[in-house]
Amino acid sequence: MISPAHAYSLRRINPLEGVVQVLERDAARAISRDGVDWEIQVETESPNTLWGSLNAGKAARRFFRFGTWSRRRGLWRVPVNPMLNVGEMIEESDALIAALQENLDQVPFPPADRFELWLLDKQSLPLALLATTDEPGRIGDLRPQPWQAAPLPEHGFRSPVLDGEPALPGEAQNPRRHAAAVEALIRQAAGPNPVQQWFERDAEGGGQGLAHRVPAALVGRELPAEQFPELPWRTDWASERDAALMADYVAWSAPRLLTLHGLGDQIRAALEVAARRQAEVVDGLYPLYPRILDRGLIDAARVEARLRRAAHAKA
């Protein structure tokens, strides 16, 4: 049973990298990207000591990184500025860790980010997810980047479809050629004048269009669940080549897609099969999977990952 502490998860979107787990209690919070290692942050008063500041000497509350915690290693504290209220920080940290230990078996926590920013296609329907938030008051402050298939330093995605095609002039040496091809598909579907819209999603999967920076005709519209892609981007494409390219991309993204809540059994089963080919990624994200249909398949991937690590350590 979840304690009075507030436990929830947020998606790491654009590019998709999984989900982040958050547990908040009073003036402290714990954050984890893998459900195992947690960063402990504590809120306390911090005097403003900048010379010449109009607020010099006035106290302001803000969060400070206090340390990291895991069930196996316990708390490792970072050095703390002695001007801070260290006693208060220790007290808040101890209470937070107690709540975290009580709730750790509930990981992955339920999703909280029901507000979603979608890139729309030429028919003004959701095409690719650009951002999410659990706080509607933050919508005006968020400035999402254009849709990305993978982080810029990540060059691991390769599509057999593209491998069978000659590279265009100037593309052969681009390490992101395959990811860039997926991004080009999304850009083409959005059209020359792309539109973005925030939606508040409901429990049935539908969504109400919000008024932030969209044409008046789109404000307040209600879209049913079937008009939102089940994954964070559209996967159905008219061209056989484009559909195959997107299928390759979905297969490469499978270990991260499995961290998402609300996937149907059919697509989750297919993602588990695809994810099996990336054993070490699966092993790192496994604690964040809300459901597992074929546990034997996922367990086999984790065993393979451990064997690989052991072999690498001996090399």
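Report follows, based on the coordinates. Think of each chain on its own: its residues are numbered from 1, step by step along the sequence as written. Given that the model is predicted, a residue must reach a pLDDT of at least 70 before its local features are reported, and side-chain atom pairs must reach 80 or more before they are shown or counted; all residues, however, enter totals for whole chains, interfaces and linings. Side-chain numbers here rest on the full set of heavy atoms in the structure, without hydrogens or water.

## Things to note about the overall build of the protein chain
No. 1: Helix numbering and strand numbering both begin at the N terminus, where a helix is a DSSP run of H or I of at least 4 residues and a strand a DSSP run of E of at least 2. If you tally the helices and strands in the protein chain, you get seven helices and eleven strands.
No. 2: For each residue, the accessible area found with a 1.4 Å probe, counting protein chains only, is set against the maximum for its type, and the residue is called buried under 20%, exposed over 50%, and partly exposed in between. Looking at the 315 residues of the protein chain, the share that counts as buried comes to 44%.
No. 3: Here the protein chain contributes 37 positive and 42 negative side-chain charges, whose respective centroids are spaced 5 Å apart. This count recognises Lys and Arg as positive and Asp and Glu as negative, with His and chain-terminal groups excluded. Think of each charge as sitting on NZ of Lys, CZ of Arg, CG of Asp or CD of Glu.

## Looking at helix α7 (residues 295-314)
No. 1: Taking 1.5 Å of rise per residue, the 20 residues of α7 would be expected to cover 28 Å, and the 29 Å separating its terminal C-alpha atoms lies within 8% of that figure.
No. 2: Of all the positions in α7, only Ile 298, Ala 301, Arg 302 and Ala 305 are classed as buried. Here the buried residues of α7 occupy an arc of 95° about the axis, which is enough to place them on one side. Exposed residues on α7 whose side chains face more than 90 degrees from its buried face are Leu 307 and Lys 314.
No. 3: For α7, the elements touching its buried residues are α5 (265-275) and α6 (279-285). Take the residue count of a helix, subtract one, and multiply by 1.5 Å to get its expected span. Note: the arc covers the axis-to-C-beta directions of the helix. A contact between two residues is defined here by any heavy atoms of the two lying within 4.5 Å.

## Some words on the packing of aromatic side chains
No. 1: Only rings of Phe, Tyr and Trp enter the pairing, Trp through its six-membered ring, and a pair is recorded when the two centres are within 6.5 Å. The plane angle decides the type: under 30 degrees is stacked, over 60 is edge-to-face, the rest tilted. Under the defined criterion, the tally for this structure stands at nine aromatic pairs.
No. 2: Consider the rings of Phe 199 and Phe 228, whose centres lie 5.2 Å apart with planes at 85°: the pair is edge-to-face. With Phe 199 in strand β9 (residues 196-201) and Phe 228 in the loop between β11 (222-223) and α4 (240-257), this residue pair connects regions lying 29 residues apart in the sequence.
No. 3: Ring pairing ties together the aromatic residues Trp 147, Phe 157, Trp 233, Tyr 249 and Trp 252, which thus form one cluster.
No. 4: Remark: a charge is flagged as sitting over a ring if the NZ atom of Lys or the CZ atom of Arg is within 6 Å of the ring centre and within 35 degrees of the ring normal. Above the face of the Phe 64 ring, Arg 62 is positioned so that its terminal group lies 4.2 Å from the ring centre.
No. 5: Geometry around Tyr 286 places Arg 302 over its ring, the cationic atom sitting 3.8 Å from the centre.

## Digging into the nonpolar core
No. 1: Ranked by internal contacts, the top residues of the largest apolar core, which has 82 residues, are Trp 147, Trp 233, Met 246 and Tyr 249.
No. 2: In terms of residue count, α4 provides more of this core than any other element does, eight residues in total.
No. 3: Apart from the residues within four sequence positions on either side, Trp 147 is in contact with Asn 14, Ala 128, Leu 129, Leu 130, Val 182, Glu 183, Ile 186, Trp 233 and Tyr 249. Nonpolar cores were defined as sets of buried Ala, Val, Leu, Ile, Met, Phe, Trp, Tyr and Cys residues, with membership established by side-chain atoms within 4.5 Å.

## Observations concerning the pattern of salt bridges
No. 1: Any carboxyl oxygen of Asp or Glu that lies within 4 Å of a side-chain nitrogen of Lys or Arg is treated as forming a salt bridge with it. Per the stated rule, a full pass over the model turns up 23 salt bridges.
No. 2: Residues Arg 201 and Glu 116 are paired through a salt bridge, measuring 2.6 Å at the closest nitrogen-oxygen approach. Separated by 85 residues along the polypeptide, Arg 201 in strand β9 and Glu 116 in strand β7 (residues 115-120) bring together distant segments of the chain. In this pair, the class of Arg 201 matches that of Glu 116, namely buried.
No. 3: Three or more residues joined by partner-sharing salt bridges are found here, namely Arg 11, Asp 113, Glu 116 and Arg 201.

## Structural notes on the sheet that holds β9
No. 1: The rule for pairing is simple: two strands pair if DSSP sees at least two bridges between them. The five strands are arranged β8-β7-β9-β10-β11 in an open sheet whose pairing can be described as antiparallel. Since the sheet does not close on itself, it has two edges, and those belong to β8 (126-133) and β11, each with one partner.
No. 2: Pairing of β7 with β9 involves five bridges; the strand directions are antiparallel. Looking at the pairing, Trp 118 lines up with Gln 197 of β9.
No. 3: Each axis is a line fitted through C-alpha atoms, and for a helix only the stretch in contact is used; angles between axes span 0 to 180 degrees, taken between their N-to-C directions. On the sheet, helix α3 (residues 177-190) packs against β7 and β8 and is oriented at approximately 105° with respect to β8.

## Things to note about the pairing of strand β1 (residues 6-12)
No. 1: Bridging between β1 and strand β2 (residues 18-25) involves seven bridges; their strand directions are antiparallel. Paired with Leu 10 across the strands is Val 20, a residue of β2.
No. 2: Adjacent in sequence and paired antiparallel, β1 and β2 are bridged by five residues, among which Asn 14 carries a positive phi angle near 60°.

## Section: unusual backbone geometry
No. 1: Cis rather than trans, the peptide bond between Asn 14 and Pro 15 has omega equal to 0°.
No. 2: Of note, Pro 15 is situated in the loop between β1 and β2.
No. 3: Cis geometry is adopted by the peptide bond preceding Pro 108, which originates at Val 107 and carries an omega value of 5°.
No. 4: Structurally, the position occupied by Pro 108 is in the loop between α1 (86-103) and β7.
No. 5: Not every positive phi belongs to a glycine, and Ser 124 is a case in point at roughly 65°.
No. 6: Ser 124 gets classed as partly exposed once you look at its relative accessible area, which sits at 24%.
No. 7: Its identity as a non-glycine residue notwithstanding, Arg 213 has a phi of 55°, on the positive side.

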